[in-house]
Amino acid sequence: MAAHLSYGRVNLNILREAARKELREFLDKCAGSKAIVWDEYLTGPFGLIAQYSLLKEHEVEKMFTLKGGRVPPADVKNIIFFVRPRLELMDIIAENVISEEKLPAPREAHILFVPRRSLLCEQRLKEQGVLNSFTNIDEYILDLIPYDGDLLSMESESAFRECYLENDQTSLFHTAKGLMTLQALYGTIPQIFGKGECARHVANMMLRMKREFAGSQNQILPVFDTLLLLDRNVDLLTPLATQLTYEGLIDEIYGITNGYVKLPPEKFAQKKPGEGGKDLPTEPKKLQLNSAEELYAEIRDKNFNAVGAALSKKAKIISAAFEERHNAKTVGEIKNFVSQLPHMQAARSSLANHTSVAELIKDITTSESFFDNLTVEQEFMTGVDTDKINTYIEDCIAQKDPLIKILRLVCMQSVCNNGLKQKVLDYYKREILQTYGYEHILTLNNLEKVGLLKPQTTTRNNYPTIRKTLKLWMEDANEQNPNDISYVYSGYAPLSVRLTQVLARPGWRSIEEVLKMLPGPHFEERQQLPSGLHKKRKGPVSNMYHFEFAGQQGENRTTLVFFLGGVTYAEIAALRFLSQMEDGGTEYIIATTKLINGTSWVKSLMDRPEAQIL
């Protein structure tokens, strides 16, 4: 089912299997038939670890969504609540348990906290008088979830908000724990590099945990050579920009959730001759998106302008393969053709789906509003008129365009100008509040606190220096046959990925001045390998800020890049591009607290996102 997780340099199926084993063990603790009551947010992440078939094997007969009132009737012995440690969820559980106890034959209740038990939550259950009603109270440590062969996510939906707005470092603790789990399975990571305050905290927690577990380390040859921890606030610009890769645009327009996207059904209707347009499907078309699908793996990281040609080429190959049936003369040839048929039909169906998706996206990317928006973004990124009120933003506010669109553009202007002049900032704020409602004053305040929308405190704007030194803007980026990571935004190279690229070669020492301009400290830590592994391990070693090859020349390194606060699909595409570069010498595995896009990211900082029609 999850074979695609083991295709890459690092077999992430090992992590998935470890998570499945723990789940089985917990389910077996609750002897007899079971019904699971789900905190709805957890169903998506859990679906990537275990399908219903695994739960069924362990006597799970019914599944319900956590709601107030009483748990629906089910002829089972155990009710298990799978929940995040949230106080508001405890009140709903208490309501469920109280109504359960009124029944003539109440079922045994258990609670499983994901990813950690919480004393506050247990205290709330105690206050509600139901804590002693639970036979088992346990935790299921689901930190890093494998999304693809080179991608892990914690799917902690408010990690950025917690760290930068609420000063709550719980998600950083979970990150450090997740990295310790990873090292238990894949060996100690010898080198840690980092940039940013949160990165520093995570590294410190990891080193402290390592000291606490000293002596109990597994003798595993390290799979990862390097860990790079990057704070999201080191690069606030990248998520605000519109992603221009195929996968990035699917996420920008429709939103990818736990590896699935829901699309308008009209494009996918199978029209049979003579049926006309009757009975078009009304349910959204749900597609799973990962590298298990050959065509998707091939096109997802391409700039959208290169996708049409790739689909056309694939169509010709599939068409030619089906034509082969006319050439099959002998029984052996026919048998061979028939054996390939399921694969060919799957390829044809996949092509039809992605052609439809590409058409849906093209309708949007060829619109005037999309082009105008992109033009303004690119002007900001190249430093054009970032210090004055932008007429396009004014017009968008006047037309009452979606608030998220306005906020993304205004924040982008602020980031590219190292803050806005007070007069410009006040004008934007006034216009937004008068047009969209004064309740959004809280949102504007939040954006200011995290540094996305701020007044200019110094006359010096460092962004042009950073842009030039790190070559963040490349004129005439080659979208069809890229030779640089800037193709993912048609000219803009994500700052986060450029830092990763420079670290590998020639090293951070070459950009010391730029690193000082970016927020937070930069650092390097070494982790001692368990004794006995030193002799076995030949390979790259490094001095501060630079990798040097001490092992065989040309040996590929594996670097885990961890984004604290979220990563976009365009950044993932850029890192995959670096992994595939022939002279790169480094393969990247990507981990994050959350997969984000500009909309979901800004939404997480809004105080009443549901009140705004987006």
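These notes cover the structure that comes with them. (Residues numbered from 1 in each chain as written. Predicted model: local features only at pLDDT ≥ 70, side-chain atom pairs only at ≥ 80, totals over all residues. Heavy atoms only, no water.)

Attention shifts here to the pattern of salt bridges. Tallied over the full model, the rule gives 34 salt bridges. Here glutamate 525 and arginine 200 are joined by a salt bridge, their closest N and O atoms 2.8 Å apart. Of the two residues, glutamate 525 sits in strand E13 (residues 522-526) while arginine 200 sits in helix H8 (residues 197-212), which places them 325 residues apart along the sequence. By relative accessible area, which is 22% here, glutamate 525 ends up partly exposed. Measuring nitrogen to oxygen at the nearest pair gives 3.3 Å for the salt bridge that ties lysine 267 to glutamate 359. Of this pair, lysine 267 sits in the loop between strand E11 (260-263) and strand E12 (285-288) while glutamate 359 sits in helix H13 (residues 331-365); the two residues are 92 residues apart in sequence, bridging distant segments of the chain. Via salt bridges that share partners, Asp148, Asp150, Glu247, Arg300, Asp301 and Arg576 belong to a single interconnected network. (Salt bridge = Lys/Arg side-chain N within 4 Å of Asp/Glu carboxyl O. Helix = DSSP H or I, 4+ residues; strand = E, 2+ residues; numbered from the N terminus. Buried < 20%, exposed > 50% of the residue type's maximum accessible area, 1.4 Å probe, protein only.)

Time to look at the sheet that holds strand E5 (residues 134-139). The 5 strands lie next to each other as E2-E1-E3-E4-E5, forming an open sheet whose pairing is parallel. At either end of the open sheet lies a strand with only one pairing partner, and these are strand E2 (60-65) and E5. On average, each strand axis in the sheet is inclined to that of its neighbour by 20 degrees, with strand direction left out of account. Sheet topology note: the strand E1 (residues 34-38)/strand E3 (residues 78-83) ladder contains 5 bridges and is parallel. Across the sheet, the residue bridging to valine 37 is phenylalanine 81, located in E3. (Pairing = 2+ DSSP bridges. Axes fitted to C-alpha atoms, helices over the stretch in contact; angles between N-to-C directions.)

Its location among the elements puts asparagine 233 in the loop between strand E9 (226-231) and helix H9 (237-240). Residue asparagine 233 is classed as buried on the basis of its relative accessible area of 19%. Filtering out sequence-adjacent residues up to four positions away, asparagine 233 remains in contact with Phe160, Tyr164 and Pro519. (Contact = heavy atoms within 4.5 Å.)

Packing of helix H15 (residues 391-398) against helix H17 (residues 422-436) brings their axes to within 10 Å, and their N-to-C directions diverge by 15 degrees. Classed by the angle they form, the pair H15 and H17 counts as roughly parallel. Here the hand of the crossing between H15 and H17 comes out left-handed. Here Ile393, Glu394, Cys396 and Ile397 of H15 come into contact with H17, specifically with Tyr427, Tyr428, Glu431, Ile432, Thr435 and Tyr436. In the contact of H15 with H17, the residues fall into 7 nonpolar, 1 polar and 2 charged. (Parallel < 35°, antiparallel > 145°, perpendicular 65-115°, else oblique. Left-handed = near helix turned anticlockwise from the far one by under 90°. Nonpolar A, V, L, I, M, F, W, Y, C, P; charged D, E, K, R; others polar.)

All chains considered together, the criterion is met by 15 aromatic pairs. Residues phenylalanine 26 and phenylalanine 82 carry aromatic rings whose centres are separated by 6.5 Å and whose planes lie at 75 degrees to one another, so their mutual orientation is edge-to-face. Of this pair, phenylalanine 26 sits in helix H1 (residues 13-29) while phenylalanine 82 sits in strand E3, and the two are 56 residues apart along the sequence. With relative accessibility at 4%, the residue phenylalanine 26 sits in the buried group. One aromatic cluster is present, formed by Phe26, Trp38, Phe46, Phe82 and Tyr140 through successive ring pairs. Here lysine 286 stacks its cationic end above the ring of tyrosine 260, 4.7 Å away from the centre of that ring. (Phe/Tyr/Trp six-rings, centres within 6.5 Å; stacked < 30°, edge-to-face > 60°. Lys NZ or Arg CZ within 6 Å of the ring centre and 35° of its normal.)

Together, Asp28, Glu59, Glu61 and Asp75 give the surface a local cluster of negative charge. Looking at the secondary structure, you find aspartate 28 in helix H1. (Patch = residues over 30% accessible without salt bridge, like charges linked within 9 Å, V, L, I, M, F, W, Y side chains within 5 Å. Areas by Shrake-Rupley, 256 points an atom, 1.4 Å probe, with all protein chains shown as cover. Lys, Arg positive; Asp, Glu negative; His and termini not counted. Charge placed at Lys NZ, Arg CZ, Asp CG, Glu CD.)

The next point concerns the nonpolar core. Counting residues in hydrophobic clusters, the biggest one holds 166 residues, and the most contacted among them are Phe82, Leu229, Leu452 and Leu499. No other element matches the 10 residues that helix H16 (residues 403-416) contributes to this core. Those residues in contact with leucine 229 that sit more than four places away from it in its chain are Leu179, Ile192, Phe193, Gly194, Lys195, Ala199, Val202, Ala203, Phe562 and Leu564. (Core = buried A, V, L, I, M, F, W, Y, C linked by side-chain atoms within 4.5 Å.)

A word on the environment of lysine 34. Looking at where lysine 34 falls in the secondary structure, it is placed in strand E1. Overall, lysine 34 belongs to the buried group, its relative accessible area being 1%. Placed 331 residues apart in sequence, lysine 34 and threonine 365 show a C-alpha to C-alpha distance of 49 Å. Residues in contact with lysine 34, not counting those within four places in the same chain, are Leu27, His58, Glu59, Val60, Glu61, Lys62, Val76, Asn78 and Ile80.

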